[in-house]
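Here is what each chain is made of, one letter per residue.
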Amino acid sequence: MPDRSIGRRAFATLNGLLFVLFSLSCVVPMIHVLSVSLSASSAVNAGEVTLWPVKATLKSYAYILNKSEYWTAMGVSIERVVLGTAVSMLLTILIAYPLSKNKASFKHQSAFAWYLVVTMLFSGGLVPSFMIVKYTGILDSVWALVLPGAVSVFNVLLLSNFFRGIPKEIEESAFMDGAGHFRILAQLYLALSMPILATLVVFIAVGHWNAWFDGLIYMNNQKNYPLQSYLQTILVQSNSQVMTQQYAKLMSMVSDRTIKSAQVFVASIPILCVYPFLQKYFISGIMLGSVKE
């Protein structure tokens, strides 16, 4: 018994240490980016900034506040997240509900389930996807960022498995009281599925917020870039746009690294604000949605 107790304590200590190290590996880069964005350009160029600002200044953030392209891209990303999350959740719920039924209630349930699973293994590729977006007339619009990936089979399977865990007796009682499928779905299934729904909302919203590659593919006009696509262009390419005298004065007091760090940190703020309030649903939502009754 003492050996087992010592072993458990050692395992708990090691496990805690690993989680601390993993947490630091996630937090430390963000602290460094924040420190760079708040530091003077001379200190950044000299490599003096680590985890604390040197000669703290807010001039990089003043530059961002005066940069209309940044806020235009921010608006496109917010629009994308709102529309994309709403459309994806609606389609996911409408697909998961019939797939959660048995063969007696939905005769072709297995065929549709396998059809969805196959799409997880095989895809048409980038060129067919671009041609579909182009010839449906949504190229260079926010719908090109929302509709092509509106249905995630992984999310559908999670939600359908969660729906299967809801007692069938409750649904049968609702049918006996005269409720139809849409009323049962809206007032019964969704009301009992808040943990998994909150989990899927976070998955979808974070996915849309972090996506950048589709913005580069489907947007011909840079003004329609979402924020992450815009950041990718300025982080990889040099900004050679003509600046006003006020911008030139600001640029003389800040460096390219401080401005990029400030823009990256500001882009992370919305997710950092929303995620802590919904994180508590992750464990219960994933566990309940991943186990098939």
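The structure displayed is predicted, hence computed values, not measured ones. (Residues numbered from 1 in each chain as written. Predicted model: local features only at pLDDT ≥ 70, side-chain atom pairs only at ≥ 80, totals over all residues. Heavy atoms only, no water.)

Participant: Would you take a moment to explain the overall build of the protein for this structure?
Facilitator: Each helix and strand in the protein was counted, giving 16 helices and zero strands. Residue pairs at least 24 apart in sequence account for 74% of intrachain contacts in the protein once pairs closer than 6 positions are excluded. Of the roughly 17600 Å² of accessible surface on the protein, 68% is carried by carbon and sulfur atoms. (Helix = DSSP H or I, 4+ residues; strand = E, 2+ residues; numbered from the N terminus. Contact = heavy atoms within 4.5 Å. Areas by Shrake-Rupley, 256 points an atom, 1.4 Å probe, with all protein chains shown as cover.)

Participant: Looking at this model, I keep getting lost on a nonpolar patch on the surface. Mind explaining?
Facilitator: Together, Leu14, Leu17, Leu18, Val20, Leu21, Leu24, Val27, Val28, Ile31 and Leu51 give the surface a local cluster of nonpolar side chains, amounting to about 830 Å² of exposed area. Overall, the relative accessible area of 35% leaves Ile31 in the partly exposed class. (Patch = residues over 30% accessible without salt bridge, like charges linked within 9 Å, V, L, I, M, F, W, Y side chains within 5 Å. Salt bridge = Lys/Arg side-chain N within 4 Å of Asp/Glu carboxyl O. Buried < 20%, exposed > 50% of the residue type's maximum accessible area, 1.4 Å probe, protein only.)

Participant: Hey, could you run me through the pattern of salt bridges in this one?
Facilitator: Side chains carrying opposite charge are able to pair once their charged atoms draw close together. Tallied over the entire structure, the rule returns two salt bridges. Asp214 is the salt-bridge partner of Arg80, the closest N and O atoms lying 2.5 Å from each other. Note that Arg80 is positioned in helix H4 (residues 68-99) and Asp214 in helix H12 (residues 213-218), a separation of 134 residues in sequence. For the residue pair Arg80 and Asp214, the accessibility class agrees, reading buried in each case. Put simply, Lys101 and Glu171 hold a salt bridge, and the shortest N to O gap is 2.6 Å.

Participant: So what exactly am I meant to see when it comes to the packing of aromatic side chains here?
Facilitator: We describe a pair of aromatic rings using the distance from one ring centre to the other and the angle between the two ring planes. Counted under the stated rule, the structure contains seven aromatic pairs. Aromatic pair Tyr70 and Trp71: ring centres 5.5 Å apart, planes at 90°, arrangement edge-to-face. Between Tyr97 and Tyr189, the ring centres sit 5.2 Å apart and the planes meet at 90°, which makes this aromatic pair edge-to-face. Of this pair, Tyr97 sits in helix H4 while Tyr189 is found in helix H10 (residues 181-189), placing the two residues 92 residues apart along the sequence. Residue class for Tyr189 comes out buried when judged on its relative accessible area of 0%. (Phe/Tyr/Trp six-rings, centres within 6.5 Å; stacked < 30°, edge-to-face > 60°.)

Participant: Before we go on, may I ask you to explain the confidence of the model for the protein in this structure?
Facilitator: In regions of low pLDDT, the predicted coordinates are not meant to be interpreted in detail. Of all residues in the protein, 86% have pLDDT values of 70 or greater, and the mean over the chain is 82. The least confident element of the protein is helix H14 (residues 245-253), whose mean pLDDT is 55; the most confident is helix H7 (residues 143-146), at 94. (pLDDT = per-residue confidence, 0-100.)

Participant: Would you take a moment to explain the environment of Ile259 for this structure?
Facilitator: Mapped onto the elements of the fold, Ile259 is located in helix H15 (residues 256-278). As for Ile259 and Ser37, which are separated by 222 residues in sequence, their C-alpha atoms are 6.4 Å apart.

Participant: Can you walk me through unusual backbone geometry in this structure?
Facilitator: Positive phi is not limited to glycine here, since Lys55 has a value of about 55°. With respect to the secondary-structure elements, Lys55 resides in the loop between helix H2 (41-45) and helix H3 (59-65). The phi angle at Asp140 is positive, at roughly 65°, despite the residue not being glycine. With respect to the helices, strands and loops of the structure, Asp140 is situated in the loop between helix H6 (126-135) and H7. For Asp140, a relative accessible area of 25% gives the class partly exposed.

Participant: Help me understand the packing of H4 against helix H8 (residues 153-164), please; the structure alone is not making it clear to me.
Facilitator: Two packed helices can be described by the angle between their axes and the distance between those axes. Between H4 and H8, the shortest axis-to-axis distance is 8 Å and the interhelical angle comes to 50°. Here H4 lies oblique to H8, going by the angle between them. Considering how the two elements wind past one another, H4 and H8 form a crossing that is right-handed. Counting all contacts with H4, which are made through Thr92, Ile93, Ile95, Ala96, Tyr97 and Leu99, the residues of H8 involved are Asn155, Val156, Leu159, Ser160, Phe163 and Arg164. A breakdown of the residues in the contact of H4 with H8 according to their chemical character gives eight nonpolar, three polar and one charged. (Axes fitted to C-alpha atoms, helices over the stretch in contact; angles between N-to-C directions. Parallel < 35°, antiparallel > 145°, perpendicular 65-115°, else oblique. Left-handed = near helix turned anticlockwise from the far one by under 90°. Nonpolar A, V, L, I, M, F, W, Y, C, P; charged D, E, K, R; others polar.)

Participant: Sorry, what's going on with the side chain of Asp214 here?
Facilitator: Note on Asp214: relative accessible area 17%, which makes it buried. Setting aside residues up to four positions removed in sequence, Asp214 forms contacts with Arg80, Leu145 and Met219.

Participant: I'm lost on the nonpolar core in this one. Help?
Facilitator: Generally speaking, soluble globular proteins have nonpolar side chains that are buried together. Membership of the largest hydrophobic core comes to 24 residues, with the highest contact counts inside it found for Leu159, Phe163 and Tyr189. Contributing elements (two or more residues each) for this core: H4, H8, H10 and helix H11 (194-210). The biggest single contributor to this core is H8, with six residues. Apart from the residues lying within four places of it in its own chain, the contact partners of Leu159 are Thr92, Ile93, Ala96, Ile196, Leu197 and Leu200. (Core = buried A, V, L, I, M, F, W, Y, C linked by side-chain atoms within 4.5 Å.)

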